[in-house]
Amino acid sequence: MAAIKEISTEQKLKDLYQLQKIDSKITEIKTLRGELPMEVRDMEDELEGLKVRIQHLEEEVTKAEDVINNHKAAKKDAEAAAKKYEKQQDNVKNNREFDALSKEIEMQKLEAQLNEKRAKDAAEELRLKQSNLEAAQKHIKEKEKFLKAKKTELTDLIDETESEENDLLSQSTHHRENIEERLLMSYDKIRKNYRNGLAVVPIRRGACGGCFNRIPPQKQMEIKQHRKITACEHCGRILVDEAIDM
Ligand SMILES: [Zn+2]
């Protein structure tokens, strides 16, 4: 290996901070992409719920139709029975028998009326259920349309972020080549320790941009000069002055 180019500490910090910014963008994209499918899944779950509701409504409609048919059949039976008793009245042997049949006829006629009313009530209920069903079917159609559009949108967005991520990943790799092994190792180690993946942070309003603890003014001065690599004494992150990449 020929002479290694002497790199100033300031340049090293600049490179590290640049790398951090690229890596942070990758983290951001990954988080975003993780949330998108969740949104679609929630919508799919909602749609499943609606489908179950429609199924129930369809069952209720069928049941209401059965109820109407049963009442109609009962009405016909009662009417037929009444007619049968009326015919029997022609052949009675005495008044007692005639009266008994009259009572029976009256009862059957009442029964027919009652069933007619019940069939009407059930028809009213059926209409209500049918309109509920129609509303739910309309609602689900709209939801399905919306979900389809959302899915397309999300697929596009995922494709888009994927190509952006690939671009950033190659930028990250490229940047790492300029940074010495020892620094990269501590950079990666700090990043691993924090969920937000921040290893290099600027000072903001006199505090560490990672843990927000105050940094003594003397130390702030030192950091501003970028003559040495300084870690936050609270969180261990590498501190830089915000103006470093301007
Ligand atoms: Zn800190």
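Look up: the structure comes first, before these words.
Our subject in this report is the structure included herewith. (Residues numbered from 1 in each chain as written. Predicted model: local features only at pLDDT ≥ 70, side-chain atom pairs only at ≥ 80, totals over all residues. Heavy atoms only, no water.)

Side note on the overall build of the protein
Our working rule: Only DSSP runs of H or I with at least four residues qualify as helices, and only runs of E with at least two residues qualify as strands; both kinds are numbered from the N terminus onward. Radius of gyration here is computed from C-alpha atoms only, and the compact-globule reference equals 2.2 Å multiplied by the residue count raised to the power 0.38. Between two residues, a contact is recorded if the distance between any of their heavy atoms is within 4.5 Å. Only the protein chains shown count as cover for residues, and all accessible areas are computed by the Shrake-Rupley method using a 1.4 Å probe.
Within the protein, the regular secondary structure consists of 4 helices and 4 strands. For the protein, the N- to C-terminal ordering of α and β elements is α-α-α-β-β-α-β-β. The C-alpha radius of gyration computed for the protein amounts to 41 Å, which surpasses the reference 18 Å derived for 246 residues by more than 25%, pointing to a less compact arrangement than a globule. For the C-alpha atoms alone, the extent of the protein along its principal axes is close to 135 × 40 × 25 Å. Long-range contacts, defined as pairs at least 24 residues apart, comprise 70% of the intrachain contacts of the protein with a sequence gap of at least 6. Of the roughly 17,200 Å² of accessible surface on the protein, a fraction of 51% belongs to carbon and sulfur atoms.

Side note on the nonpolar core
For clarity, the threshold we go by: Grouping buried Ala, Val, Leu, Ile, Met, Phe, Trp, Tyr and Cys residues that are joined through side-chain atoms within 4.5 Å yields what is termed a nonpolar core. For every residue, the accessible area (1.4 Å probe, protein chains only) is compared with the maximum for its type, and the residue is labelled buried under 20%, exposed over 50%, or partly exposed between those bounds.
In terms of nonpolar packing, the biggest core is built from 17 residues, with Leu 47, Ile 54, Leu 126, Leu 133, Ile 140 and Leu 147 touching the most fellow members. Counting residues per element, this core draws most heavily on helix 1 (residues 9-89), which supplies 10 residues. Not counting residues up to four positions away in its chain, the partners in contact with Leu 126 are Val 61, Ala 64, Glu 65 and Ile 68. Residues Leu 19, Ile 238, Val 240 and Ile 244 belong to the second largest nonpolar core, which totals 14 residues.

What about the sheet that holds strand 4 (residues 238-240)?
Inclusion rule: Two strands make a pair as long as DSSP finds a minimum of two bridges between them.
Taken in spatial order, the 4 strands of this open sheet run 2-1-4-3, and their pairing is mixed. Looking at strand neighbours, the two that pair on one side only are strand 2 (207-208) and strand 3 (230-231), the edges of this open sheet. As judged from the 3 bridges shared by strand 1 (residues 200-204) and strand 4, these two strands associate in the parallel manner. Note that in strand 4 the partner of Val 200 across the bridge is Ile 238.

A word on a negative patch on the surface
Basically, it comes down to this: Residues enter a patch when their relative accessible area is above 30% and they make no salt bridge; the linking distance is 9 Å between like charges and 5 Å between nonpolar side chains (Val, Leu, Ile, Met, Phe, Trp, Tyr). One side-chain nitrogen of Lys or Arg within 4 Å of one carboxyl oxygen of Asp or Glu is enough to make a salt bridge. Charge convention: Lys and Arg are scored as positive, Asp and Glu as negative, and His as well as the terminal groups of each chain are ignored. A single reference atom marks each charge: NZ on Lys, CZ on Arg, CG on Asp, CD on Glu.
On the surface, Glu 28, Asp 156, Asp 159, Glu 160, Glu 162, Glu 164 and Asp 167 cluster together to form a negatively charged patch. The leading source of residues in the negative patch is helix 2 (residues 95-176), at 6 residues.

Quick look at the coordination of the zinc ion
Selection rule: Note that water is not among the atoms considered, so a metal site may appear incomplete; the donors listed are N, O and S atoms within 2.8 Å of the metal, with 3.2 Å applied to Na, K and Ca. Labels for metal geometry use angle windows, namely 85 to 135 degrees for all angles of a four-donor tetrahedral site, and for square planar (four donors) or octahedral (six donors) sites opposite donors over 155 degrees apart plus all others within 65 to 115; sites meeting none of these are irregular.
For the zinc ion, the full set of protein donor atoms is Cys 208 (SG), Cys 211 (SG), Cys 232 (SG) and Cys 235 (SG), and the range of their distances to it is 2.2 to 2.3 Å. Of note is the zinc ion, whose 4 donor atoms meet at the metal with angles of 106 to 114° in an arrangement that counts as tetrahedral. Taken in sequence order, the residues that donate to the zinc ion follow the motif C-x2-C-x20-C-x2-C. Judged by its relative accessible area of 4%, Cys 232 falls in the buried class. According to the relative accessible area criterion, Cys 235 is buried, its value standing at 12%.

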